[in-house]
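Residues per chain are reported as follows:
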Amino acid sequence: MSIAFNPAIPVFRIFSVEKAREFYLDFLAFNLDWEHRFEPDMPVYMQVSRNILVLHLSEHHGDACPGSTVYVRMRGVREYHAELSARNYRFLRPAVESRDWAEAEMTVTDPFGNRIRFGEIGATKD
């Protein structure tokens, strides 16, 4: 049997399900795949996704550190930026920048200080 890795699933710490839904579902247009609570008044653990990108969001103390960063390699950063800009999200207006390592890169920061950097790496920069 050979060793094989599947894509990583980052876990972000959140402090408000409502703010998380507004950011991840309404602004970033992710889908809510599932959410779990041990009891109705307990913290939530949920999965959101868009295409093959999967994130876990947790209200549980100790699951993750607020202020984490994840780098997502993708195609269509400028198109995604246009999509997000059209939503007029009042708390964030991300920009697209060219980098030495990426043709286009856009960073979004969620209401809890977690950052997602979307980077488009061209064939000549792999």
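Residues numbered from 1 in each chain as written. Predicted model: local features only at pLDDT ≥ 70, side-chain atom pairs only at ≥ 80, totals over all residues. Heavy atoms only, no water.

*Asks:* Which residues make up the overall build of the chain, and what are the values?
*Replies:* Helix and strand counts for the chain come out as 2 helices and 8 strands. Moving toward the C terminus, one meets the helices and strands of the chain in the order β-α-β-β-β-β-α-β-β-β. Partitioning the intrachain contacts of the chain with sequence separation of at least 6 by distance along the chain shows that 55% fall at a separation of at least 24. For the chain, the accessible area works out to roughly 7900 Å², and carbon and sulfur atoms hold 52% of it. Looking at the chain, you have 15 positive and 18 negative side-chain charges, and the mean spots of the two groups are 5 Å apart. (Helix = DSSP H or I, 4+ residues; strand = E, 2+ residues; numbered from the N terminus. Contact = heavy atoms within 4.5 Å. Areas by Shrake-Rupley, 256 points an atom, 1.4 Å probe, with all protein chains shown as cover. Lys, Arg positive; Asp, Glu negative; His and termini not counted. Charge placed at Lys NZ, Arg CZ, Asp CG, Glu CD.)

*Asks:* Mind laying out the environment of His 60, listing which residues take part and the relevant values?
*Replies:* Within the fold, His 60 resides in the loop between strand 4 (53-58) and strand 5 (69-73). In the structure, His 60 is positioned 10 residues away from Arg 50 in sequence and 23 Å away in space, judged by C-alpha atoms. When sequence neighbours within four positions are dropped, the list of residues in contact with His 60 reads Arg 13, Phe 38, Pro 43, Val 44 and Tyr 45.

*Asks:* Just give me the short version of the packing of aromatic side chains, but keep the residues and values in it.
*Replies:* To describe a pair of aromatic rings, one takes the distance between the centres and the angle between the planes. By the definition in use, this model includes 9 aromatic pairs. Look at Phe 23 and Tyr 24: their rings are 4.9 Å apart centre to centre, the planes differ by 85 degrees, and that puts the pair in the edge-to-face class. Take Tyr 24: its relative accessible area is 0%, and that puts it in the buried class. On the numbers, 5.5 Å between centres and 70 degrees between planes, the contact of Tyr 89 with Phe 91 is edge-to-face. By relative accessible area, Phe 91 is classed as partly exposed at 46%. (Phe/Tyr/Trp six-rings, centres within 6.5 Å; stacked < 30°, edge-to-face > 60°. Buried < 20%, exposed > 50% of the residue type's maximum accessible area, 1.4 Å probe, protein only.)

*Asks:* Got a sec to walk through the nonpolar core? Specific residues and values, please.
*Replies:* General note: in soluble globular proteins, nonpolar side chains tend to be found buried as a group. Ranked by internal contacts, the top residues of the largest apolar core, which has 28 residues, are Tyr 24, Leu 28, Ile 116 and Phe 118. Among the secondary structure elements, those contributing two or more residues to this core are helix 1 (17-27), strand 3 (45-50), strand 4, strand 5, helix 2 (77-86), strand 7 (104-109) and strand 8 (115-120). With 5 residues, helix 1 is the largest single contributor of residues to this core. Setting aside chain neighbours within four positions, we find Phe 118 in contact with Leu 53, Val 72, Met 74, Val 77, Tyr 80, Ala 104, Glu 105, Met 106 and Val 108. (Core = buried A, V, L, I, M, F, W, Y, C linked by side-chain atoms within 4.5 Å.)

*Asks:* Quick rundown of the sheet that holds strand 6 (residues 96-97)? Include the residues and the values.
*Replies:* Within a beta sheet, neighbouring strands are joined by backbone hydrogen bonds and run either parallel or antiparallel to one another. An order of 5-8-7-6 is seen for the 4 strands of this open sheet, with the pairing classed as mixed. Every other strand in the sheet has two partners, leaving strand 5 and strand 6 as the edge strands with one partner each. When strand 5 meets strand 8, the two strands line up parallel, connected through 5 bridges. Along strand 8, the bridge assignment pairs Tyr 71 with Arg 117. Across the face of the sheet, helix 2 comes into contact with strand 6, strand 7 and strand 8 while running at roughly 35 degrees to strand 7. (Pairing = 2+ DSSP bridges. Axes fitted to C-alpha atoms, helices over the stretch in contact; angles between N-to-C directions.)

*Asks:* Describe the layout of surface pockets, listing the residues and the values that go with them.
*Replies:* Once rolled over the atoms, a probe with the size of a water molecule shows which space is left empty. Put simply, the largest pocket is a space of about 500 Å³. In this structure, the largest pocket is lined by 21 residues; those nearest its centre are Arg 50, Ile 52, Leu 53, Val 72 and Arg 73. Elements with a minimum of two residues in the lining of the largest pocket: strand 4, strand 5 and helix 2. With 4 residues, strand 5 is the single largest residue contributor to the lining of the largest pocket. Considering only residue class, the lining of the largest pocket consists of 14 nonpolar, 2 polar and 5 charged. (1 Å grid on protein atoms, 1.4 Å probe; cavity = no way out; pocket = protein on both sides within 12 Å on 5 of 7 lines; lining within 4 Å. Points joined across faces, edges and corners; volume = space filled by probe spheres on them. Nonpolar A, V, L, I, M, F, W, Y, C, P; charged D, E, K, R; others polar.)

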